[in-house]
Amino acid sequence: MQTKVIRITDPIETEAHLNEAADILRSGGLVVFPTETVYGLGGNGLSQEAAEKIYAAKGRPSNNPLIIHVHDPAEADKYAFAGDLYDRLAAAFMPGPLTVILPKRDNIPYATTGGLETVAVRCPDHPVAHALLAVCDFPVAAPSANLSGSPSPTCADHVISDLTGRVDMIIDGGQCEIGLESTIVKIDHDKEGEYLTLLRPGAITCDALTCVCERVIIANAVLEQLKEGERPLSPGMMYKHYAPKIPLVLLDGDPADVLAFLQKEQKDKSCAILCYLEEMPQLKDENLFLVGARDDLVTQAHTLFSLLREADKTSASIIYAHLPPRDGLGLALYNRLIRAAAHTVKNI
Ligand code: AMP
Ligand code: MG
C-alpha cells in the first residue's frame, strides 16, 4: 500500500487535505491524525471492515477495543447510552484527554468494541483532529498509531517508521502536546449510586475527576501486574505495552543514592539513562536522555515515549529510568513506565 504523508502548514491547503482524508475514511481506508495526546490510527467507527483493517495495520489483537472519536461530546448519544454523569464529565473535560466507556448502541459494530457491549468515546482537543472529525459524518475509531507493543507515537516520524505501507494517509501535525494517551474511565453503578472506575490514568487526574464524581476507584491493572488468568476491566491492560526492545529497569530510592548508582553503572556497563535535569551535570553524556526536571511531570509526560524510542536505538544493554510518584500526573507516568519495564523495579 502507498502511504501519502501530508504536512499541515497552510489553512487553505489543509481544508483540501482534510476533505481527502475524510473521503479515504468514508470509503473504508485508514488515516493517521494528530491529537493532543498521541497520534491516532483512524478508520470509520461504524464499519466492521475498517476495524479489522486497523487491527491488521497495528498488529493488534482484535479483542482489544478501539476508542471512537467524535467532533462534539454531545454526539456520544448517537452511538452510546450517555447519561447525566457523562454530560457532567463532558462539560468539565471535553474536548480533552478523557475517554468515557458507555453502553453501546446497535450502530457500533462489535469489531470496533472487541466484542464488548460497551464503547469508548472521546472528543479530542486538537485543531487538526477537530477539523477532520467535523467533515466526517461518522465517528472515527482510532487506537494509538504505533505498531502493537511499541511506545505510542508523539510525532509523525514515529508513525512513519511504524506504519508506512500499512495505512493510506498520515497527517503530520507536529508534536503532540501531552504525549501520553487519554485517561479512560468507565461509568458504573452500585446500590450507593454512580461511580467511576479509572481504567487508564492520563492527563485528567484522579483529583480532577473527583471534582465531578465523588467516588473514583482505580482498577487493579493500573498499578499492579495481573495475576495469571485474571481478566482486566480494560482488555488493553492484558498486553505488554510500550516496551522497548532493550530491557528497561526503574529505579526507586533516595535521589543521592540513585545518582551514585547511575554513576557507577555508567563506569561498569553500557547503559542508557532517562535522567532528570538536576542529575545531568553529574552524569556522562553518552546515551543520556533528559526527561525534564524532577518535579516537572508535564514535561516528563511530553518526552517519555519519544525518549523510550531514542534509548531503544542505542547499543546499550540496559535502560534505566526513575520510578515516578503515584499521584497527580505521576500516576499516568507510573502506569506507562511500570508496564514498559514489565514491572522491573530496583530499590536502591
Ligand atoms: P489505544 O487506543 O491504543 O489508546 O487503546 C485503547 C484502550 O482503550 C485499550 O487499552 C482498550 O482496552 C481500552 N478500551 C477501549 N474500549 C473499551 C471498552 N469498551 N471497555 C474497556 N476498555 C476499553
Ligand atoms: Mg495504544
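The coordinates are above.
Worth saying up front: this structure is predicted, and the values here are computed from it rather than measured.

1. Let's talk about helix H4 (residues 84–93)
Then, number 1: Of the residues making up H4, those classed as buried are Leu-85, Tyr-86, Leu-89, Ala-90 and Phe-93. Along the axis of H4, the buried positions cluster into a sector of 140°, meaning they face one direction only.
Then, number 2: Tucked inside the fold, the buried residues of H4 contact helix H3 (76–79), strand S5 (98–103), strand S6 (118–122), strand S9 (183–190), strand S10 (193–200) and helix H7 (206–210).

2. Structural notes on the sheet that holds S5
Then, number 1: Strands sit in the order S1-S8-S2-S3-S7-S4-S6-S5-S9-S10-S11 across an open sheet of eleven strands; the sheet is mixed. Two strands lie at the open edges of the sheet, namely strand S1 (4–7) and strand S11 (216–218), each paired on one side alone.
Then, number 2: Pairing between S5 and S6: five bridges, direction antiparallel. Looking at the pairing, Ile-101 lines up with Ala-120 of S6.
Then, number 3: In the packing of helix H2 (residues 48–58) onto the sheet, contacts are made with strand S3 (40–44) and strand S7 (140–141), and the angle to S3 comes to roughly 155°.
Then, number 4: Strands in contact with H4 are S5, S6, S9 and S10; relative to S5, the strand with the most contacts, it is inclined by about 165°.

3. Focus on the packing of helix H10 (residues 297–312) against helix H11 (residues 330–340)
Then, number 1: Contact geometry of H10 with H11 gives a least axis separation of 10 Å together with a crossing angle of 20°. By the angle between their axes, H10 is roughly parallel relative to H11. For the pair H10 and H11, the crossing hand works out as left-handed. Residue-level contacts link Leu-297, Gln-300, Ala-301, Leu-304, Phe-305 and Leu-308 of H10 to Gly-330, Leu-333, Arg-336, Leu-337 and Ala-340 of H11.
Then, number 2: The class makeup of the residues in the contact of H10 with H11 is eight nonpolar, two polar and one charged.

4. Regarding the sheet that holds strand S16 (residues 345–347)
Sheet strands associate in pairs through backbone hydrogen bonding, adopting either a parallel or an antiparallel arrangement.
Then, number 1: The sheet built from five strands is open, its strands ordered S14-S13-S15-S12-S16 with parallel pairing. The open sheet is flanked by strand S14 (288–292) and S16, the only strands paired with a single partner. Looking at each pair of strands side by side, their axes are set apart by 25° on average, direction ignored.
Then, number 2: As judged from the four bridges shared by strand S13 (residues 271–276) and S14, these two strands associate in the parallel manner. Bridge pairing in S14 links Ile-273 to Leu-288.
Then, number 3: Along the sheet, helix H9 (residues 255–268) makes contact with strand S12 (248–252), S13, S14, strand S15 (318–322) and S16, crossing S15 at roughly 165°.
Then, number 4: Relative to the sheet, H11 contacts S12, S15 and S16, its axis offset from that of S12 by approximately 130°.

5. A word on the environment of Ala-91
Then, number 1: With respect to the element layout, Ala-91 can be found in helix H4.
Then, number 2: A residue is classified by how much of its surface remains accessible, and Ala-91, at 68% relative accessible area, is exposed.
Then, number 3: Here the alpha-carbon distance between Ala-91 and Tyr-110, two residues 19 residues apart in the chain, equals 28 Å.

6. Considerations on the nonpolar core
Then, number 1: The biggest cluster of nonpolar side chains holds 53 residues, and the ones touching the most others in it are Val-32, Leu-41, Tyr-86, Leu-89, Leu-98, Val-100 and Leu-209.
Then, number 2: If you tally residues by element for this core, the top one is H4, at five residues.
Then, number 3: Aside from chain neighbours lying at most four places away, what touches Leu-209 is Leu-89, Phe-93, Leu-98, Thr-183, Val-185, Leu-196, Leu-198, Ile-204 and Val-216.
Then, number 4: Leu-250, Tyr-276, Phe-305 and Leu-308 belong to the second largest nonpolar core, which has 30 residues in total.

7. Some remarks on the packing of aromatic side chains
Then, number 1: According to the stated counting rule, one finds one aromatic pair in the structure shown.
Then, number 2: Considering the side-chain rings of Phe-261 and Tyr-320, the 5.4 Å spacing of their centres and the 80° angle between planes classify their relative orientation as edge-to-face. On the criterion of sequence distance, the pair formed by Phe-261 in helix H9 and Tyr-320 in strand S15 is long-range, its members being 59 residues apart. For the pair Phe-261 and Tyr-320, a shared accessibility class is recorded, and that class is buried.

8. Describing the pattern of salt bridges
Then, number 1: In total, this model carries 17 salt bridges according to the counting rule given.
Then, number 2: As a salt-bridge pair, Glu-194 and Arg-88 come within 3.9 Å of each other at their nearest N and O atoms. Here Glu-194 is found in strand S10, whereas its partner Arg-88 is found in helix H4, with 106 residues between them in sequence.
Then, number 3: Since its relative accessible area comes to 32%, Glu-194 is described here as partly exposed.
Then, number 4: Overall, Arg-88 belongs to the partly exposed group, its relative accessible area being 35%.
Then, number 5: With a closest N to O distance of 2.9 Å, Asp-190 and Arg-215 form a salt bridge.

Rules used throughout
- Residues numbered from 1 in each chain as written.
- Chains lettered and ligands numbered in written order.
- Predicted model: local features only at pLDDT ≥ 70, side-chain atom pairs only at ≥ 80, totals over all residues.
- Heavy atoms only, no water.
- Buried < 20%, exposed > 50% of the residue type's maximum accessible area, 1.4 Å probe, protein only.
- Helix = DSSP H or I, 4+ residues; strand = E, 2+ residues; numbered from the N terminus.
- Arc of directions from axis to C-beta.
- Contact = heavy atoms within 4.5 Å.
- Pairing = 2+ DSSP bridges.
- Axes fitted to C-alpha atoms, helices over the stretch in contact; angles between N-to-C directions.
- Parallel < 35°, antiparallel > 145°, perpendicular 65-115°, else oblique.
- Left-handed = near helix turned anticlockwise from the far one by under 90°.
- Nonpolar A, V, L, I, M, F, W, Y, C, P; charged D, E, K, R; others polar.
- Core = buried A, V, L, I, M, F, W, Y, C linked by side-chain atoms within 4.5 Å.
- Phe/Tyr/Trp six-rings, centres within 6.5 Å; stacked < 30°, edge-to-face > 60°.
- Salt bridge = Lys/Arg side-chain N within 4 Å of Asp/Glu carboxyl O.

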